[in-house]
Amino acid sequence: MIAVIDYKAGNLTSVVKSLRFLGAENVVVTQSPEDVLRAEKIVLPGVGHFQSTQLLEELGLTQAVREAVAKGTPGGTPFLGICVGLQWLYEGSTEAPGIAGLGHFAGQCERFPAKEIKHIDGKEIVAELKSPHVGWNSLENVNADSRLLRGVEAGSFVYFTHSWRAPMSEDTAAATMYGGAFTAAVERGNVMGVQFHPEKSAEIGLRVLRNFLEW
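As the structure is a prediction and not an experimental result, all values here were calculated from the model.

Draft legend 1. Region of the structure containing the packing of aromatic side chains. With the rule as written, the count across this model stands at seven aromatic pairs. Between Trp136 and Tyr159, the aromatic rings sit 5.8 Å apart at their centres with planes inclined by 70°, giving edge-to-face as the arrangement. One end of the pair, Trp136, is in strand β9 (residues 133-138); the other, Tyr159, is in strand β10 (residues 157-162), with 23 residues separating them in the sequence. Relative accessible area serves as the criterion here: at 47%, Trp136 is assigned to the partly exposed category. When its relative accessible area of 22% is taken as the criterion, Tyr159 is described as partly exposed. Aromatic rings pair up to connect Phe112, Phe160, Tyr178, Phe182 and Phe196 into one cluster. A cation sits over an aromatic face here: Arg147 above Trp215, 3.9 Å from the ring centre.

Draft legend 2. Molecular detail of the packing of helix α1 (residues 13-21) against helix α6 (residues 202-213). Interhelical geometry of α1 versus α6 gives an angle of 70° and a closest axis separation of 10 Å. On the basis of the axis angle, α1 is roughly perpendicular to α6. The element α1 and its partner α6 pack so that their crossing is right-handed. For the pair α1 and α6, the contacting residues are Ser18, Leu19 and Phe21 in the first and Leu206, Leu209 and Leu213 in the second. Tallied by class, the residues present in the contact of α1 with α6 amount to five nonpolar, one polar and no charged.

Draft legend 3. Structural detail: the sheet that holds strand β14 (residues 191-194). Strand order across the open sheet formed by seven strands is β2-β1-β3-β4-β14-β13-β12, with mixed pairing between neighbours. On the outer flanks of this sheet lie β2 (27-30) and β12 (172-177), each paired with one strand and no other. On average, each strand axis in the sheet is inclined to that of its neighbour by 20°, with strand direction left out of account. Pairing of β12 with strand β13 (residues 181-188) involves five bridges; the strand directions are antiparallel. Each residue of the ladder has a partner; that of Met177, found in β13, is Ala181. Relative to the sheet, α1 contacts β1 (2-5), β2, β3 (41-44) and β4 (79-82), its axis offset from that of β2 by approximately 165°.

Draft legend 4. Up close: the nonpolar core. Among the nonpolar cores identified, the biggest contains 33 residues, and Leu19, Val43, Leu80, Leu139, Leu148, Leu149 and Val194 are the most heavily contacted of them. Listed by contribution, the elements that provide at least two residues to this core are β1, α1, β4, β10, β12, β13, β14 and α6. For this core, the leading source of residues is α6, giving four residues. Excluding its chain neighbours within four sequence positions, the residues that come into contact with Leu149 are Val142, Ala173, Ala174, Ala185, Val208 and Asn211. Ranked by size, the runner-up nonpolar core spans 30 residues in total, among them Ala3, Leu61, Leu86 and Phe105.

Draft legend 5. The sheet that holds strand β11 (residues 164-165), seen in detail. Spatially, the three strands line up as an open sheet ordered β5-β6-β11, and their pairing is mixed. Both outer strands of the open sheet, β5 (92-93) and β11, are each paired with one neighbouring strand and no more. Bridge count between strand β6 (residues 108-111) and β11: two bridges; the pairing is antiparallel. Paired with Arg111 across the two strands is Trp164, which belongs to β11.

Draft legend 6. Representation of the pattern of salt bridges in the model. Inspection of every chain in the model, using the stated rule, returns five salt bridges. A salt bridge links Asp35 to Arg38; the nearest nitrogen and oxygen atoms lie 3.1 Å apart. Of this pair, Asp35 and Arg38 both sit in helix α2 (residues 33-38), three residues apart, which is roughly one turn of that helix. A relative accessible area of 57% means that Arg38 is categorised as exposed.

Draft legend 7. Inspection of unusual backbone geometry at higher detail. Omega for the bond connecting Ser131 with Pro132 falls within 30 degrees of zero, at 10°, which places this linkage in the cis form. Tracing the backbone shows Pro132 in the loop between β8 (123-128) and β9. Positioned with a positive phi, Lys8 is a non-glycine residue whose angle comes to about 60°. Relative to the assigned elements, Lys8 resides in the loop between β1 and α1. A relative accessible area of 60% places Lys8 in the exposed class. Of note in the backbone geometry, Asn141 takes a positive phi value of approximately 50° without being a glycine. Along the chain, the position of Asn141 falls in the loop between β9 and β10.

About the cut-offs
Residue indices follow the written sequence of each chain, beginning from 1 at its first position. Totals for whole chains, interfaces and linings use every residue, but because this is a predicted model, local features are given only for residues with pLDDT of at least 70 and side-chain atom pairs only at 80 or more, for both listing and counting. Hydrogens are left out, water is left out, and the side-chain values use all remaining heavy atoms of the structure. Paired rings are identified among Phe, Tyr and Trp, the last through its six-membered ring, by centres lying within 6.5 Å, and are further divided according to the angle between planes into stacked (under 30 degrees), edge-to-face (over 60) and tilted (the rest). Note on conventions: DSSP H or I runs of at least 4 residues are helices, E runs of at least 2 residues are strands, and numbering of each starts at the N terminus. In this scheme, a residue with accessible area under 20% of its type's maximum is buried, one over 50% is exposed, and one in between is partly exposed, where area comes from a 1.4 Å probe on protein chains only. A ring is scored as having a charge over it whenever the NZ atom of a lysine or the CZ atom of an arginine sits within 6 Å of its centre and within 35 degrees of its normal. Only C-alpha atoms enter the line fits that serve as axes; for helices the fit covers just the stretch in contact. Angles between N-to-C directions range over 0 to 180 degrees. Working definition: roughly parallel below 35 degrees, roughly antiparallel above 145 degrees, roughly perpendicular at 65 to 115 degrees, and oblique for all remaining angles. Note on convention: near helix rotated counterclockwise from far helix by under a right angle means a left-handed crossing. Clockwise means right-handed. Whether two residues touch is decided by their heavy atoms; if any such pair falls within 4.5 Å, the residues are in contact. Three residue categories are used. Nonpolar comprises Ala, Val, Leu, Ile, Met, Phe, Trp, Tyr, Cys and Pro, charged comprises Asp, Glu, Lys and Arg, and polar comprises the others, including Gly. Strands qualify as paired when DSSP identifies two bridges or more between them. Take the buried residues of types Ala, Val, Leu, Ile, Met, Phe, Trp, Tyr and Cys, join any two whose side-chain atoms come within 4.5 Å, and each joined set is a nonpolar core. One speaks of a salt bridge when a side-chain nitrogen belonging to Lys or Arg is within 4 Å of a carboxyl oxygen belonging to Asp or Glu.

What follows is the structure, encoded as structure tokens:
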């Protein structure tokens, strides 16, 4: 059973539809900690405000995820966070300072800066940076050892829509440039996340979801 966690943050339909398109049969949308603990795989989608992740704690889902990804170590249940679901894997976000993330990865998610520095013809130019970051952008510095990104080449384009970003770290599996480098995909063992929306990223997105299903 694949548990897709519903915490009232965004439309789950496209994620579920993509998983079923790839052959996943037993996909369950749930708010049940018991479902999370018995799932073979866990997906946490999300669109919108980091504040919405507070419901995960209130429903007992934070602890259930923590136990699921750790059980049977080494290994544990494969977990995929999407968009806000990736950000939740970190310690928190400046978007909702009072709400703690899972803390599986170190660091805070922060808003894109209002300005970016560009170098054109040898001159340093300060330009306005639009936020949210919406649309297609490329994956860079793809980790060759990443199981989630197996078969995904650097320069591949995926679809983003977000105003906050995760920091770069040794767990970054791929980066994207927008106002500087940020983590587009993160992976450590069986816990992984993508800032982009694989369900909206055409063949590359399906490749990522397929890799997760084949974990």
